[in-house]
Amino acid sequence: MSDTVGYIPILIFAIIQWYSIGKYRESLPYWALNSMTDGVITANLNGKIIHINSVAEKLMNVQADFILHKDVSEYFCSSGYKLADQEQFQMLLKQIKSDPGQIINAQIEYIEPEKHINLTTVPVANRLGEVLGVMFMLNDITEYEHLKDDVEQYQKFLENMVKERTQQLEDTNKQLKQDIIRRKQLEKELLVQKRYFQELFENSSMAVAQLDTDNRIVAINKGFTTLFQYSKEEVIGKKLIELVVPESLSSESEFFFSSGMKGKKPKKESVRKRKD
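Throughout what follows, the structure given in this document is the object of discussion. Model, not experiment: these values are computed from the prediction.

The rules behind each value
Residues numbered from 1 in each chain as written. Predicted model: local features only at pLDDT ≥ 70, side-chain atom pairs only at ≥ 80, totals over all residues. Heavy atoms only, no water. Salt bridge = Lys/Arg side-chain N within 4 Å of Asp/Glu carboxyl O. Helix = DSSP H or I, 4+ residues; strand = E, 2+ residues; numbered from the N terminus. Buried < 20%, exposed > 50% of the residue type's maximum accessible area, 1.4 Å probe, protein only. Core = buried A, V, L, I, M, F, W, Y, C linked by side-chain atoms within 4.5 Å. 1 Å grid on protein atoms, 1.4 Å probe; cavity = no way out; pocket = protein on both sides within 12 Å on 5 of 7 lines; lining within 4 Å. Points joined across faces, edges and corners; volume = space filled by probe spheres on them. Pairing = 2+ DSSP bridges. Nonpolar A, V, L, I, M, F, W, Y, C, P; charged D, E, K, R; others polar. Contact = heavy atoms within 4.5 Å.

For the structure on display, the rule yields four salt bridges. Two residues, Asp71 and Lys97, come together in a salt bridge whose shortest N-O distance is 2.8 Å. Of this pair, Asp71 sits in the loop between α4 (64-67) and α5 (72-77) while Lys97 sits in helix α6 (residues 86-98), and the two are 26 residues apart along the sequence. Overall, Lys97 belongs to the partly exposed group, its relative accessible area being 35%. With a shortest N-O distance of 3.3 Å, Asp140 and Lys115 are connected by a salt bridge. Taken together, the residues span a long stretch of sequence, with Asp140 in strand β7 (residues 131-140) and Lys115 in strand β6 (residues 114-125) at a distance of 25 residues. A relative accessible area of 34% places Asp140 in the partly exposed class.

Listed below in structure tokens is the structure:
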């Protein structure tokens, strides 16, 4: 027995909403680190490099593709620079790795060729305060090491560097907090939308089916069961076109489905078949 039904607009609308919710993703704010004037390296708790900005690449003449996922020690030791005190440097790395939650400030000195790097490490934590890794902040102070005889100028340089770094960290922290607030708001809005469309889906007197991207049924409402006489167990995982669409109208049904996946809202009264 065939009936003329007008459930198509509701079906397409439901598909679009669930598709949009599924596509929501969060993104990491690496752009904030890349915009800093200091060299920045982030490493996980195993000491493996997971991010390096362009300033850090230029500082030791390394390429991100070469150094990513390697131990952070390779960044400092494999770029053609000879450490003034290899043992002291290894002790510093051991201290950082053994307690990633601490803040460390140290200087690394190279003698061939001469280079002086000011290193500050800070823990990288999530919103719950759990330490996930370490951020290495690097600044080339070679020129200023040559000015140590001028104590006043050197002291001013250090003060300005600390102020600048503090400001950069505050700006980055502010941006991260804003991102967290924005994400929480989006999550709240998406939850409200999901509940609304779930209630609309379940309580609609019209026949509504939720489909995946392969046109297979993943959920139906009571209206669908009432109209087409199919139970939930009978339809889940099957293609809608095989159950309720007359063979002569299969191309029409495919058109409606593809149009819905593209964000369009085609409207047309059509004929569908019941189980009996």
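On to the nonpolar core, then. In this structure, Tyr75, Ile108 and Leu138 are the most contacted members of the largest nonpolar core, which totals 28 residues. Counting 14 residues, the second largest nonpolar core, distinct from the first, contains Ala207, Leu211, Ile217 and Leu243.

The volume enclosed by the second largest pocket comes to roughly 180 Å³. Lining the second largest pocket are Leu83, Ala84, Asp85, Gln88, Phe89, Leu92, Ala106, Gln107, Ile108 and Glu109. If you list the elements that add at least two residues to the lining of the second largest pocket, you get α6 and β5 (104-112).

With three bridges connecting them, strand β8 (residues 209-211) and strand β9 (residues 217-220) associate as antiparallel partners. Looking across to β9, one finds that Ala209 is bridged to Ile220. From the end of β8 to the start of β9, which pair antiparallel, there are five residues, and Asn215 there has a positive phi angle of about 70 degrees.

Summarising the sheet, strand β2 (residues 39-44) and strand β3 (residues 49-52) pair through three bridges and their orientation is antiparallel. Each residue of the ladder has a partner; that of Thr42, found in β3, is His51.

With that settled, the discussion passes to empty space enclosed by the protein. Taken as a whole, this structure holds three cavities of 30 Å³ or more when the rule is applied. If you add up the space inside the second largest cavity, you get close to 70 Å³. As for the second largest cavity, its lining consists of Ala43, Asn44, Leu45, Gly47, Val72, Ile96, Lys97, Pro100, Val134 and Phe136. Every element with two or more residues in the lining of the second largest cavity is listed here: β2, α6 and β7. Residue composition of the lining of the second largest cavity, by class: seven nonpolar, two polar and one charged.

Attention now goes to the environment of Thr121. Inspection of the secondary structure puts Thr121 in strand β6. Each C-alpha atom, one on Thr121 and one on Phe136, is 4.7 Å from the other, the two residues being 15 residues apart in sequence. Filtering out sequence-adjacent residues up to four positions away, Thr121 remains in contact with Ile96, Gln102, Ile103, Ile104, Val134, Met135 and Phe136.

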